[in-house]
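The primary structure of each chain is shown beneath.
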Amino acid sequence: MKTDSHLASALEPSQLTAATSLALPRRELGRGLVALLVALRVYIVLAVLVVIYAFVHALLTPSS
Amino acid sequence: MSQSAIGLYPRSPHIPAAPTGALAPEDVLRAEDRTKVQESRSSGRWLRLLWLLIGPGVLVMLGENDGPSMVSYATTGATYGVGFFVPFILLTFAMAFAVQEMTVRLGAATHRGHAELIFQRFGPFWGYFAMGDLVFGNLLTLMTEFVAIQAGGLYFGIPSWVSVGIGAALVVASLALRRYATWERVTMGLAIFNLLFVPAALYAHPDGGALLRAIATWSPLSGGLTVAFLTLIMANIGATVTPWMIFFQQSAVVDKGLTKADLRQGRIDTGVGAILAAIAGVATVVAAAPLFANGVDASKFSGGGDFATALQPLIGSTGATLFALALIEAGFVAAMTISTSSAYAFGEALHARHSLNLDFSQGTLFYTVATVSIILAAGLVLIPGVPLVALTLAVNVIATLLMAPALLLLLLLANDREIMGELANGRVANLVGGAIVVGITLIGALYGIVTAFPGLFGG
């Protein structure tokens, strides 16, 4: 029967559940990236509105 | 010994090493799989090595050839015949390969799922957004998969509650395997039936010369640039690149235990999947092309079952039967992969254990999310009067509009050298990836707008 240490050697240290359960540090964002993410949030708000409109419109339109 | 262990690939500086301690149950099973991989690699058995490492790429590509996607391809064939769209579909799968290859590198470099990385690197807003978007979109998509199973079943005279009920029960039962490697092989065995569209296409007696001419010349294209044409362009892109694919393949790569040493096989896996899925996609166009040749209007078809019924007099009952069977397979395999991608994302974002190697007691949240999403989607489809058309439309709009954030976050993560190390995107990967992201984002947004406001361009 294979021991834990023998099995563990088949995995990379960073692959073990004990390692992946440790959170990575937050990424430091530059000004450009922050601007991009803000723009993305605005896009998402607009996209959600379009989705809601599309759904309600389709709901109220009788299908043929 | 892995290449990483012998120092060919230095560990990225921000990926923590494991504290010493006992192995988790999922580690033990993963380590057993990895031992076989290492034995095959060290003995130079390359075909066995490839066989052991293939899986996530094939599953994600054939999984995306799902019910609605195959209906999109059939609509394309019925509307335009064999022509421009054949090479276009091949191009979309090349794009899908470029996108999905990034997820293989991300998974192999970080050993973390996509939702997890977004949460940890960009904070809770984007983490919860990614998870919520995925889980909600997946639930709606799952419903369309059961609609496909229902439509295929109705072709054979099977009542909806029977086909949907059996489909849901089998998808839930597949979770009971509690072993990633087994689940993967079972799903791959089923996914290969996506190629039933190929014999169905052969029953349409396609003109090989016309097919080659279409690929070489991107023509003919009847009707020019219309709203219907644009919609099909966007639907075909939406049938090839979607958010769940990004999340699923990265999570599956991690669960399978791929490392940097396995990148080559991971890329081959993704490439093979893209080729198989492209063949099935083109075959669906070809199978439905007789509808175009005979002037059948497919615009009023309500689903895949209508295609099989309309094709019966044109390609024969065997061809139509194969088409209906392939449609059921498309919905079934996609239900397996999509429900799993929801479970992975939920577990990753909420820091719960997430692996198909877990027992039910160890992965309660993981299995609960998958099971509930399957039962909920199947149950909603069976409710009489449920607005399936509105829901299908919402699925398309959500998938296309929200591809933009998913692809942008993917590109940002693939460029994150702190976690990717030397596997971060290079200049060529960024040029190709960037062009795809910009193209898909613009086209996806246009598709969402055209779908939401069909009268905007005079359609």
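All figures in this text were calculated on a predicted structure; none of them were measured in a lab.

1. Some details on the overall build of chain B
Part 1: For chain B, the count of helices and strands is 20 helices and 0 strands.
Part 2: A compact globule built from 459 residues should have a C-alpha radius of gyration of about 23 Å, and chain B, at 21 Å, falls within 12% of that.
Part 3: With respect to the principal axes defined by its C-alpha atoms, chain B has extents near 70 × 45 × 45 Å.
Part 4: A burial count over chain B gives 58% of its 459 residues as buried.
Part 5: At a minimum sequence separation of 6, the contacts of chain B that also span at least 24 residues come to 84%.

2. Points about the overall build of chain A
Part 1: A count of helical and extended segments in chain A gives 3 helices and 0 strands.
Part 2: Secondary structure elements in chain A, listed N-terminal to C-terminal, are α-α-α.
Part 3: For 64 residues, the compact-globule estimate of 2.2 N^0.38 gives 11 Å, and chain A exceeds it by more than 25% at 24 Å.
Part 4: By the burial criterion, 20% of the 64 residues in chain A qualify as buried.

3. Comments concerning unusual backbone geometry
All names here are of chain B.
Part 1: Each neighbour pair has its own omega, and for Ser219 with Pro220 the value is 0°, a cis peptide bond.
Part 2: One non-glycine residue with positive phi stands out, namely His205, at about 45°.
Part 3: Here His205 is to be found in the loop between helix 10 (197-202) and helix 11 (208-217).
Part 4: Judged by local crowding, His205 falls into the exposed class, with 11 C-beta atoms found within 10 Å.
Part 5: Located in the positive-phi region is Trp218, a residue other than glycine, with phi close to 55°.
Part 6: Mapped onto the secondary structure, Trp218 falls in the loop between helix 11 and helix 12 (227-238).
Part 7: Judged by the 15 C-beta atoms lying within 10 Å of it, Trp218 is partly exposed.

4. Here we look at the interface of chain B and chain A
Part 1: Taken together, the contact between chain B and chain A spans 50 residues of the former and 33 residues of the latter.
Part 2: Secondary-structure elements contributing two or more residues to the side of chain B that touches chain A are helix 1 (25-42), helix 6 (114-122), helix 17 (388-401), helix 18 (403-414) and helix 20 (427-452) of chain B.
Part 3: Per-element accounting of the side of chain B that touches chain A gives the leading share, 9 residues, to helix 1 of chain B.
Part 4: Split into classes, the residues belonging to the side of chain B that touches chain A amount to 27 nonpolar, 13 polar and 10 charged.

5. Quick look at the packing of helix 9 (residues 180-191) of chain B against helix 15 (residues 304-349) of chain B
Residues and elements named next belong to chain B.
Part 1: Contact pair helix 9 / helix 15: the axes reach a minimum separation of 9 Å and the direction vectors enclose 160°. Here helix 9 lies roughly antiparallel to helix 15, going by the angle between them. The two elements helix 9 and helix 15 cross, and the hand of that crossing is left-handed. Contacts between helix 9 and helix 15 pair Thr187, Leu190 and Ala191 from the former with Glu329, Phe332, Val333, Met336 and Thr337 from the latter.
Part 2: For the contact of helix 9 with helix 15, the residue count by class is 5 nonpolar, 2 polar and 1 charged.

6. Let's talk about the nonpolar core
Residues and elements named next belong to chain B.
Part 1: Phe146, Ala200, Val285, Ala287, Leu311, Phe323 and Leu327 are the most contacted members of the largest nonpolar core, which totals 154 residues.
Part 2: No other element matches the 24 residues that helix 15 contributes to this core.
Part 3: Excluding residues within four positions of it along the chain, Val285 makes contact with Tyr73, Thr76, Gly77, Val82, Phe85, Val86 and Ile89.

7. What to know about the environment of Phe122(B)
Part 1: With respect to the secondary-structure elements, Phe122(B) resides in helix 6.
Part 2: Distance in space between the C-alpha atoms of Phe122(B) and Leu409(B) is 9.0 Å, their sequence separation being 287 residues.

8. Comments concerning the environment of Pro124(B)
Part 1: With respect to the secondary-structure elements, Pro124(B) resides in helix 7 (residues 124-155).
Part 2: For the pair formed by Pro124(B) and Met188(B), sequence separation is 64 residues and the distance between their alpha carbons is 34 Å.

9. Brief notes about the packing of helix 3 (residues 56-64) of chain B against helix 13 (residues 243-256) of chain B
Residue and element names in this part refer to chain B.
Part 1: For the pair helix 3 and helix 13, interaxial distance at closest approach is 9 Å and the crossing angle is 155°. The orientation of helix 3 with respect to helix 13, classified from their angle, is roughly antiparallel. When the axes of helix 3 and helix 13 are compared, the crossing they make is right-handed. Contact residues: Pro56, Gly57, Leu59, Val60 and Glu64 in helix 3; Met245, Phe248, Gln249, Ala252, Val253 and Lys256 in helix 13.
Part 2: Class assignment of the residues belonging to the contact of helix 3 with helix 13 gives a composition of 7 nonpolar, 2 polar and 2 charged.

10. Overview of the environment of Ala429(B)
Part 1: The residue Ala429(B) is located in helix 20 in this model.
Part 2: For the pair Ala429(B) and Ala98(B), spaced 331 residues apart in sequence, the C-alpha to C-alpha distance is 8.1 Å.

11. Examining helix 18 of chain B
Within an α-helix, residues lying three or four positions from one another point in the same direction, as the helix has 3.6 residues per turn.
Residues and elements named next belong to chain B.
Part 1: For helix 18, built from 12 residues, the straight-helix expectation of 16 Å at 1.5 Å per residue is met to within 8% by its first-to-last C-alpha distance of 16 Å.
Part 2: For helix 18, the tally of buried residues reaches 10 of 12 residues, placing the bulk of the element in the interior.
Part 3: Every buried residue of helix 18 is listed here: Met403, Ala404, Pro405, Ala406, Leu407, Leu409, Leu410, Leu412, Leu413 and Ala414.

12. Focus: the confidence of the model for chain B
Low-pLDDT portions of the prediction should not be read for the details of their coordinates.
All names here are of chain B.
Part 1: Across chain B, the average pLDDT comes to 89, with 94% of residues at or above 70.
Part 2: Across residues 1-11, confidence stays below pLDDT 50; counting only partners more than four residues off in sequence or on other chains, it has 19 contacts.
Part 3: With pTM at 0.91, the complex prediction returns an ipTM value of 0.88.

13. What to know about the confidence of the model for chain A
Part 1: Per-chain confidence: chain A averages 83 in pLDDT, with 91% of residues scoring 70 or above.
Part 2: Put simply, helix 1 (residues 4-8) of chain A is where chain A has its lowest mean pLDDT, 76, and helix 2 (residues 17-20) of chain A is where it has its highest, 91.

Cut-offs applied
Residues numbered from 1 in each chain as written. Chains lettered and ligands numbered in written order. Predicted model: local features only at pLDDT ≥ 70, side-chain atom pairs only at ≥ 80, totals over all residues. Helix = DSSP H or I, 4+ residues; strand = E, 2+ residues; numbered from the N terminus. Rg over C-alpha atoms; globule rule 2.2 N^0.38 Å. Buried ≥ 20, exposed ≤ 12 C-beta atoms within 10 Å, placed from the backbone. Contact = placed C-beta atoms within 7 Å. Nonpolar A, V, L, I, M, F, W, Y, C, P; charged D, E, K, R; others polar. Axes fitted to C-alpha atoms, helices over the stretch in contact; angles between N-to-C directions. Parallel < 35°, antiparallel > 145°, perpendicular 65-115°, else oblique. Left-handed = near helix turned anticlockwise from the far one by under 90°. Core = buried A, V, L, I, M, F, W, Y, C linked by C-beta atoms within 7 Å. Expected span 1.5 Å × (residues − 1). pLDDT = per-residue confidence, 0-100.

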